[in-house]
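Report on the structure
Here is what each chain is made of, one letter per residue.
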Amino acid sequence: MGMDGVMASEDEEASGRYIVVKALEDGVVIMGLTRGKDTRSHHSERLDAGEVLVAQFTELTAAIKVRGRAEILTDVGKVESGA
Ligand code: TRP
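Quick caveat: nothing in here was measured; it's all calculated off a predicted structure. (Residues numbered from 1 in each chain as written. Predicted model: local features only at pLDDT ≥ 70, side-chain atom pairs only at ≥ 80, totals over all residues. Heavy atoms only, no water.)

1. Some points on the nonpolar core
If you look at the biggest cluster of nonpolar residues, it comprises eleven residues: Ile19, Val21, Ala23, Val28, Ile30, Leu47, Leu53, Ala55, Phe57, Ala70 and Ile72. Among the secondary structure elements, those contributing two or more residues to this core are strand 1 (14-23), strand 2 (28-34), strand 4 (52-58) and strand 6 (70-74). Discounting chain neighbours no more than four positions away, the residues touching Ala23 are Val28, Leu47, Asp48, Ala49, Gly50, Glu51, Arg69 and Ala70. (Core = buried A, V, L, I, M, F, W, Y, C linked by side-chain atoms within 4.5 Å. Buried < 20%, exposed > 50% of the residue type's maximum accessible area, 1.4 Å probe, protein only. Helix = DSSP H or I, 4+ residues; strand = E, 2+ residues; numbered from the N terminus. Contact = heavy atoms within 4.5 Å.)

Spelled out as C-alpha cells, the structure:
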C-alpha cells in the first residue's frame, strides 16, 4: 500500500531493501537493471560529486550498476566503485 492509500501494482512493489550511493566524482551513473530473464537498463541517474541517491530494489529492478567513483552502502556492506 502506497502513502496515498493506493495499492501498488506488482511492477511497482518495492522490496524494502535500500541502497545508498554517494558520488565521489562528477558524472557518476547509476543504472537500474530489470528483473527476470531479460536484463536491460530501464533507468539511469547521473550524480555529481557529493550527491547522494537513496534507491530501492523493486519487482522491476533486480540489480543496480554504478559507473564511476562512488561509495555504495547496502545491507550486505559498504564498497567503493571506480577506485
Ligand atoms: N535480469 C536479472 C535477474 O533478474 C537481473 C540481475 C539480477 C542481474 N542480478 C544480477 C544482472 C547480477 C547482472 C548481475 O536475475
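2. What about the side chain of Thr34?
Relative to the helices and strands, Thr34 is located in strand 2. A relative accessible area of 6% places Thr34 in the buried class. A polar side-chain atom of Thr34 sits 2.8 Å from the main-chain carbonyl oxygen of Asp38. (Polar contact = N/O pair within 3.5 Å; in protein donor to acceptor, adjacent residues only side chain to side chain.)

3. Digging into the sheet that holds strand 3 (residues 41-47)
Strand order in this open sheet of three strands is 3-2-5, and the pairing throughout is antiparallel. Taken across any chain shown, the strands that pair with only one partner, and hence form the sheet edges, are strand 3 and strand 5 (61-67). Taken over all neighbouring pairs, the strand axes of this sheet differ in orientation by 20° on average, direction set aside. Of the pairings in the sheet, the one linking strand 2 to strand 5 comprises six bridges and is antiparallel in character. (Pairing = 2+ DSSP bridges. Axes fitted to C-alpha atoms, helices over the stretch in contact; angles between N-to-C directions.)

Read these as geometric descriptors, not functional statements.
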